[in-house]
Amino acid sequence: MRLNRILLSAVLVMVALVVQVSVFARLHLPGAVPDLLLLVVVGLGLVYGHTAGALIGFCAGLLADIAPPADHATGRYALVLCLIGYLVGLARPDNGQLRSATVPMLAVVGAAVASTLLYAGVGSLAGDTAARHVGLTGLVSTAALYDLLLAPFTVPLIMAIARRTVADPLTGDGTAVAAGGDGAYKRGSGGFRMGRMSRPKRRSRLGGRTSRMGARRTGLMPRPAKRIKGVKRL
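Residues numbered from 1 in each chain as written. Predicted model: local features only at pLDDT ≥ 70, side-chain atom pairs only at ≥ 80, totals over all residues. Heavy atoms only, no water.

### Side note on the overall build of the chain
Along the chain, the regular secondary structure elements total eight helices and zero strands. Tracing the chain from N to C terminus, the helices and strands come up as α-α-α-α-α-α-α-α. When each of the 234 residues of the chain is scored for burial, the buried share is 32%. In the chain, once contacts between residues fewer than 6 apart in sequence are set aside, the share between residues at least 24 apart is 74%. Total accessible area computed for the chain in this model is approximately 15,700 Å², and 65% of it derives from carbon and sulfur atoms. (Helix = DSSP H or I, 4+ residues; strand = E, 2+ residues; numbered from the N terminus. Buried < 20%, exposed > 50% of the residue type's maximum accessible area, 1.4 Å probe, protein only. Contact = heavy atoms within 4.5 Å. Areas by Shrake-Rupley, 256 points an atom, 1.4 Å probe, with all protein chains shown as cover.)

Structure follows, in structure tokens:
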């Protein structure tokens, strides 16, 4: 990852973590709560790809694991967001441009459902059975609903900011190769025309030189004597 992508991802993750801990965790909503960290991972994964998505997800989850309100084992949410970032990054198109908002919204719903199930599954392996008492179905449905309602206000903005740090791999800044290609083509075509036009000119110059040399040679040769009237030539 480039430095500008790392800095942008770090800023977005830190802001999302602060809002998540200080605002969303205190709403006391029924079921789950909106997961702003998950939305940041989804937005960045759709722009940067699966490798960067996995790294960002792991770092974001690890920060959430060590945040003060956390009451679960360290690394639990890091593993979940790492997998989510990787899977969401696989949905990134080859050209990096999404033509509709359907793919991000579907990615948000899938990430919300998968993250809740993975979090509960990892917790059950670690001996945490809190999801069974609350109700896994209610957690999955409310998590998908809250994240889907919050996604239109956050994911497009995150993706738009992240696209500014992505350069076109074919043109760099989008204009360098195009300008260089036209210039090279014009120079090459101009040189081709000049090469074609220069051949007749060279031939004409050579013809002029040969005619001048012929004239000079004829000037050196003796001229025939003029006939004088009344005098018989011998």
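Back to the write-up after that little detour.
### Considerations on a nonpolar patch on the surface
On the surface, a cluster of nonpolar side chains totalling about 220 Å² of accessible area is made up of Val23, Leu27 and Leu29. If you trace the backbone, leucine 29 turns up in the loop between helix H1 (3-22) and helix H2 (36-48). Residue classification places leucine 29 among the partly exposed positions, given a relative accessible area of 33%. (Patch = residues over 30% accessible without salt bridge, like charges linked within 9 Å, V, L, I, M, F, W, Y side chains within 5 Å. Salt bridge = Lys/Arg side-chain N within 4 Å of Asp/Glu carboxyl O.)

### Points about the nonpolar core
Within the largest apolar cluster, 39 residues are counted, with the highest numbers of intra-cluster contacts made by Leu38, Val42, Leu44 and Tyr48. Mapped onto this core, the elements with two or more residues apiece are H1, H2, helix H3 (50-66), helix H4 (76-89), helix H5 (102-125) and helix H7 (136-163). In this view, leucine 38 contacts Tyr77, Leu81, Ile84, Ala111, Ala112, Ser115 and Asp147; residues no more than four positions away in its chain are not counted. (Core = buried A, V, L, I, M, F, W, Y, C linked by side-chain atoms within 4.5 Å.)

### Looking at the confidence of the model for the chain
On average, residues of the chain carry a pLDDT of 75, and 66% of them reach 70 or more. Mean pLDDT across the secondary structure elements of the chain bottoms out at helix H8 (residues 176-220), with 46, and peaks at H2, with 94. Note on residues 168-202: pLDDT is under 50 here. Beyond four places in sequence and across chains, it has four contacts. For the stretch residues 226-234, pLDDT sits under 50, and the model shows one contact to residues farther than four places along the chain or on other chains. (pLDDT = per-residue confidence, 0-100.)

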